[in-house]
Amino acid sequence: MARSAGLKRPKNSFAPVHCDIKDPSLADKGRGRIEWAGRTMPVLHQIQERFEKQKPLKGLRVTACLHVTAETANLMVALKAGGAEVSLCASNPLSTQDDVAAALVEDYGMQVFAIKGEDNATYYRHIDMALEGGPHITMDDGADVVGVLHTRRKDLLKNVLGGTEETTTGVIRLRAMARAKVLGYPIVGVNEAKTKHMFDNRYGTGQSTIDGIIRATNRLLAGSVFVVAGYGWCGRGLAMRARGMGADVVVTEINPTTALEAVMDGFRVMPMSEAAKIGDFFCTVTGNIDVIRAEHFQVMKNGAIVCNSGHFNVELDLKALGKLAKSRKVIREFVEEYTLQGGKKVVVLGEGRLINLASAEGHPSSVMDMSFANQALCSEWMVKNHDSLERKVYGVPEHIDHEIARLKLRSLGVKIDALTRAQGKYLASWDEGT
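Remember, predicted model here, so these are calculated numbers, not experimental data.

## Structural notes on the overall build of the chain
Of the regular secondary structure elements, the chain holds 17 helices and 17 strands. For the chain, the C-alpha radius of gyration of 22 Å lies close to 22 Å, the compact-globule estimate for 434 residues. Scored against the burial criterion, the 434 residues of the chain give a buried share of 55%. For the chain, the exposed area adds up to about 19,500 Å²; of that, 52% sits on carbon and sulfur atoms. Once the 55 positive and 50 negative side-chain charges of the chain are each reduced to a mean point, those two points are 1 Å apart.

## Regarding helix α4 (residues 98–108)
Within α4, 10 of the 11 residues are buried, which leaves it mostly tucked inside the rest of the structure. Following α4 by one or two positions, Gly109 adopts a phi angle in the positive range, close to 65°.

## As for the environment of Ala320
When you line up the elements, Ala320 lands in helix α13 (residues 318–324). Classification of Ala320 by relative accessible area gives buried; the value is 15%. As for Ala320 and Ala294, which are separated by 26 residues in sequence, their C-alpha atoms are 5.5 Å apart.

## What to know about the packing of aromatic side chains
Going through the model one piece at a time under the given rule, you end up with 5 aromatic pairs. Ring plane angle 65° and centroid distance 5.9 Å describe the contact between Tyr231 and Phe267, whose orientation is recorded as edge-to-face. With Tyr231 in the loop between β9 (225–229) and α9 (233–244) and Phe267 in the loop between α10 (256–264) and β11 (268–269), this residue pair connects regions lying 36 residues apart in the sequence. Taken as a pair, Tyr231 and Phe267 share a single burial class, namely buried. Over the face of the ring belonging to Trp233 we find Arg236, whose NZ or CZ atom lies 4.4 Å from the ring centre.

## Brief notes about the side chain of Asp141
One can find Asp141 in the loop between β6 (137–140) and α6 (144–149). There is no salt bridge for the buried Asp141, and the closest opposite charge comes from Lys196, which lies 6.7 Å off by N-O distance. Beyond its immediate sequence surroundings of up to four residues, Asp141 is in contact with Cys65, Leu66, His67, Ser91, Glu165, Glu166, Thr167 and His311.

## Examining the packing of helix α2 (residues 42–54) against helix α16 (residues 398–412)
Geometrically, a packed helix pair is captured by the angle between its two axes and the distance between the axes. Put simply, α2 and α16 touch, their axes get as near as 9 Å, and they point 115° apart. On the basis of their axis angle, the class for α2 and α16 is roughly perpendicular. The handedness of the crossing between α2 and α16 comes out as right-handed. Side by side, α2 and α16 meet where Pro42, Val43 and Gln46 of the first sit next to Ile404, Leu407, Lys408, Arg410 and Ser411 of the second.

## Focus on the side chain of Ser371
Following the sequence through the fold, Ser371 ends up in helix α15 (residues 365–385). Within polar-contact distance, the side chain of Ser371 engages the side chain of Asp200 at 2.6 Å. Apart from residues no more than four positions distant in its own chain, Ser371 is found in contact with Glu166, Val190, Thr195, Lys196 and Asp200.

## Re empty space enclosed by the protein
The full count for this structure, using the stated rule, is 1 cavity of 30 Å³ or more. There is about 40 Å³ of room inside the largest cavity. Taken together, Arg61, Val62, Thr63, Glu85, Ser87, Ala130, Glu132, Gly134 and Pro135 make up the lining of the largest cavity. Taken together, the elements giving at least two residues each to the lining of the largest cavity come down to β3 (61–66) and β4 (85–90). Looking at the lining of the largest cavity residue by residue, the classes come out as 3 nonpolar, 3 polar and 3 charged.

Reading guide: rules and limits
Residues numbered from 1 in each chain as written. Predicted model: local features only at pLDDT ≥ 70, side-chain atom pairs only at ≥ 80, totals over all residues. Heavy atoms only, no water. Helix = DSSP H or I, 4+ residues; strand = E, 2+ residues; numbered from the N terminus. Rg over C-alpha atoms; globule rule 2.2 N^0.38 Å. Buried < 20%, exposed > 50% of the residue type's maximum accessible area, 1.4 Å probe, protein only. Areas by Shrake-Rupley, 256 points an atom, 1.4 Å probe, with all protein chains shown as cover. Lys, Arg positive; Asp, Glu negative; His and termini not counted. Charge placed at Lys NZ, Arg CZ, Asp CG, Glu CD. Phe/Tyr/Trp six-rings, centres within 6.5 Å; stacked < 30°, edge-to-face > 60°. Lys NZ or Arg CZ within 6 Å of the ring centre and 35° of its normal. Salt bridge = Lys/Arg side-chain N within 4 Å of Asp/Glu carboxyl O. Contact = heavy atoms within 4.5 Å. Axes fitted to C-alpha atoms, helices over the stretch in contact; angles between N-to-C directions. Parallel < 35°, antiparallel > 145°, perpendicular 65-115°, else oblique. Left-handed = near helix turned anticlockwise from the far one by under 90°. Polar contact = N/O pair within 3.5 Å; in protein donor to acceptor, adjacent residues only side chain to side chain. 1 Å grid on protein atoms, 1.4 Å probe; cavity = no way out; pocket = protein on both sides within 12 Å on 5 of 7 lines; lining within 4 Å. Points joined across faces, edges and corners; volume = space filled by probe spheres on them. Nonpolar A, V, L, I, M, F, W, Y, C, P; charged D, E, K, R; others polar.

Function cannot be read off these values alone, since they describe shape.
Here it is, written out as structure tokens:
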């Protein structure tokens, strides 16, 4: 049973830390996880070393609502090295690694409010706890902290200098707020960085989603029909990896250009109403609601396996599935079987939440290295530039994107060419023809 760690003094003589975690005794295991992930996060490590010397976040409070994983822990350590006072809560009730949460409290003296499997009320209580004291910088993965600040905790908005947002879903929500002129402070859409979405979303989501599905089910993908709903960067990566495992991949899309790209990439493309009849596995990666609905569940094969890797569980209409079902039962961890009228069974993984974090460990640390490097550097940029920024969503500055790519290449031992003076002049001129 989960319990609160309350006000506890960590081993390393930090000041008493306010937290709510499952079990402080898990810290040793979590510390090993954090160290293991950090070994393949060289870009973030270099930023941490500079932060340690320069303290660009000194005296600032950062409230981060992110997946509480070993990779995220390395970002939190880098922010603390930069002088920030960090409060961390979970951005998904099933994504928390309880041992990592314990290590952050016990070994790093951080305020952490996250317990794997927490209910919805606890989830929002943890956000409130992380906001205590009032943040200067927010870090979101889905814009839930921003949402709370703009509804129940408007009194804290006056202290906020700016924020960052990790995901496609969050950026969509924030841009809607900006259009409605209700966004209270500037935010950098970290997801817009090329070094984020082209790598984290594609390679990270692709690998970790397949990992989560296989861990939850132990089913063979080879020879199956695998339906990917959405062909954005996450969908591209998932389709690529499913095909690599031997599946016959079907893509569903609403964007004609993206659908055409999927066709050109060699995938079958069709509406979900048709795909629902032939799929063995279904995974949504759209960031939208009700992607798989009652009419789709009704025509699925007996034993069809359905999951989501698109942030929120709203991509699957589980309320509709619940109404269709005459019974439901959990048959193994993260696997719930719904029995419909007539005896047909539909299987839902991880309560419809992010399957790559519910039943697996999320993205590999080597791709999160770049995503979290963006978070760290964009926080520093926000602190330096907030006075001149409007209350809207900004893209990651190009020089930050390029610097992260440069550092990553250097860590991999990869060298690239540089323009000669003549080439630079040619590209900058208009008066030289062929």
